[in-house]
Amino acid sequence: MRTLREIPALREALGDARRRGDRIALVPTMGNLHEGHLALVEAARERAEVVIATIFVNPMQFGAGEDLDAYPRTLEEDQARLEAAGCDLLFAPDVTTLYARPLEAQTRIVVPEVTEGLCGASRPGHFDGVSTIVGMLFNLVQPDLACFGEKDYQQLAVIRRMVADLHFPIEIVGVPIVRAEDGLALSSRNGYLSPEERATAPRLHRTLCELRDALEADGDIEATLAAGTRRLEEAGFVPDYLELRAADLGPVTPTTREAVLLAAARLGTTRLIDNLTLTLPR
Ligand code: AMP
């Protein structure tokens, strides 16, 4: 696997692949890779001849007071994991390579509607940073397809909308959430949890499973969500949101069948997100 840090080297490597007629799959990440990221690489590997991962801790998607500086940076371990997973190229640029100007002067992509509420409400500007960096990587790499985790459900919806609205000729592949054995969704941020918090953290997924079962059995939506919020608080979480939306993140209506439960909650200083799809009864 070759690691590229500059744009001309990236273009040259991709040009070779394109001339061979290879399909190119992109896997964007912020590094500190775990099995969830590697599932994206595997999905990419199954669908394309050339897999390119990117590692870039994107300052534009972090708000003031968030964990930009503390975010784990583990390039050497990540390179070994990507290599073992069969990744062909790694693009790991410096911040100034992608953002030539101060962030506030930088051109950005703003996706409306689907960015409203959920993480968009508690992390203002976050999705502008995500859509801008993903749009930039799409432009630099021009992949045939790109793989994203369903763990970041709203992010995946934002990217699908951006690709549709801006006519990027790129197939977006959503990859199911990879979890630890106790149900906790794998996340680079899990490393911030103390041993006690780590023991509590799977309660988030367990609560979502209980709520899913209640809703699929025709439980009252508002009462079920209120009970879920209480359960999370009793377990020691500070819930940020717990919502039921239609699978496309629109509001739930009487005709909605395919839905998704989405939650974000703080455990100490760590913010965890998770979601679960479900089918509402008629
Ligand atoms: P990140 O490095 O956290 O920005 O994540 C990079 C990509 O990996 C995103 O598309 C995430 O949705 C995906 N991802 C992160 N954690 C998981 C997981 N546990 N299961 C599946 N995909 C994941």
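All values reported here derive from a predicted model rather than from experimental measurement.

Draft legend 1. Structural context of the overall build of the chain. Within the chain, the secondary structure is distributed over 10 helices and nine strands. Taken over C-alpha atoms, the radius of gyration comes to 19 Å for the chain, in line with the 19 Å a tight globule of 282 residues would show. With the principal axes as the frame, the chain shows a C-alpha extent of 55 × 40 × 40 Å. For the chain, the residues scored as buried account for 52% of the 282 residues in total. Looking at the chain alone, contacts between residues at least 24 apart form 72% of all its contacts between residues at least 6 apart. Total accessible area on the chain stands at roughly 13300 Å², and carbon and sulfur atoms take up 49% of it.

Draft legend 2. The environment of Val173, seen in detail. You can see Val173 is positioned in strand E6 (residues 171–175). Measuring from C-alpha to C-alpha, the distance between Val173 and Phe91 comes to 20 Å, with 82 residues separating the pair along the chain. If we ignore the near neighbours within four places in the chain, the residues touching Val173 are Arg47, Leu145, Ala146, Cys147 and Phe148.

Draft legend 3. Representation of helix H7 (residues 153–165) in the model. Under the 1.5 Å per step criterion, the end-to-end length of H7 is 18 Å for 13 residues, consistent within 8% with the ideal 18 Å. Regarding H7, the residues found buried are Tyr153, Gln154, Gln155, Leu156, Ala157, Val158, Ile159, Met162 and Val163.

Draft legend 4. Spatial organisation of the pairing of strand E5 (residues 145–149). Where burial is concerned, most of E5 is hidden: four out of the five residues are buried. Here strand E2 (residues 24–29) runs beside E5; their pairing, made up of two bridges, is parallel. Of the residues in E5, the one forming a bridge with Ala25 is Leu145. Relative to E6, E5 runs parallel, the two being bridged by five bridges. Residue Phe148 lies in a different strand from E6, and its bridge partner there is Gly174. Note on the crossover from E5 through H7 to E6: the handedness is right-handed.

Draft legend 5. Spatial organisation of the site of the ligand. As a matter of local geometry, the ligand sits amid 17 residues, with His37, Gly149, Asp152, Val178 and Leu186 nearest to it. A distance of 2.9 Å separates an oxygen atom of the ligand from a polar atom in the backbone of Gly149. Note that an oxygen atom of the ligand is positioned 2.6 Å from one of the side-chain N or O atoms of Asp152. Isolated, the ligand exposes 480 Å² of accessible area, and the fraction of that covered by the protein chains is 93%. Contributions of two or more residues to the shell around the ligand are made by E2, helix H2 (35–47) and E5.

Draft legend 6. Summary view of the packing of helix H9 (residues 202–216) against helix H10 (residues 221–235). Viewed as axis vectors pointing N to C, H9 and H10 meet at an angle of 160°, and their least axial separation amounts to 10 Å. Considered as vectors, H9 and H10 are oriented roughly antiparallel to each other. Every pair of crossing elements has a handedness; the one defined by H9 and H10 is right-handed. Across the interface between the two elements, Arg203, Leu204, Thr207, Glu210, Leu211, Ala214 and Leu215 of H9 pack against Ile221, Thr224, Gly228, Arg231, Leu232 and Ala235 of H10.

Scoring rules and cut-offs
Residues numbered from 1 in each chain as written. Predicted model: local features only at pLDDT ≥ 70, side-chain atom pairs only at ≥ 80, totals over all residues. Heavy atoms only, no water. Helix = DSSP H or I, 4+ residues; strand = E, 2+ residues; numbered from the N terminus. Rg over C-alpha atoms; globule rule 2.2 N^0.38 Å. Buried < 20%, exposed > 50% of the residue type's maximum accessible area, 1.4 Å probe, protein only. Contact = heavy atoms within 4.5 Å. Areas by Shrake-Rupley, 256 points an atom, 1.4 Å probe, with all protein chains shown as cover. Expected span 1.5 Å × (residues − 1). Pairing = 2+ DSSP bridges. Right-handed = clockwise from strand over helix to strand, strands pointing away. Near = heavy atom within 4 Å. Polar contact = N/O pair within 3.5 Å; in protein donor to acceptor, adjacent residues only side chain to side chain. Axes fitted to C-alpha atoms, helices over the stretch in contact; angles between N-to-C directions. Parallel < 35°, antiparallel > 145°, perpendicular 65-115°, else oblique. Left-handed = near helix turned anticlockwise from the far one by under 90°.

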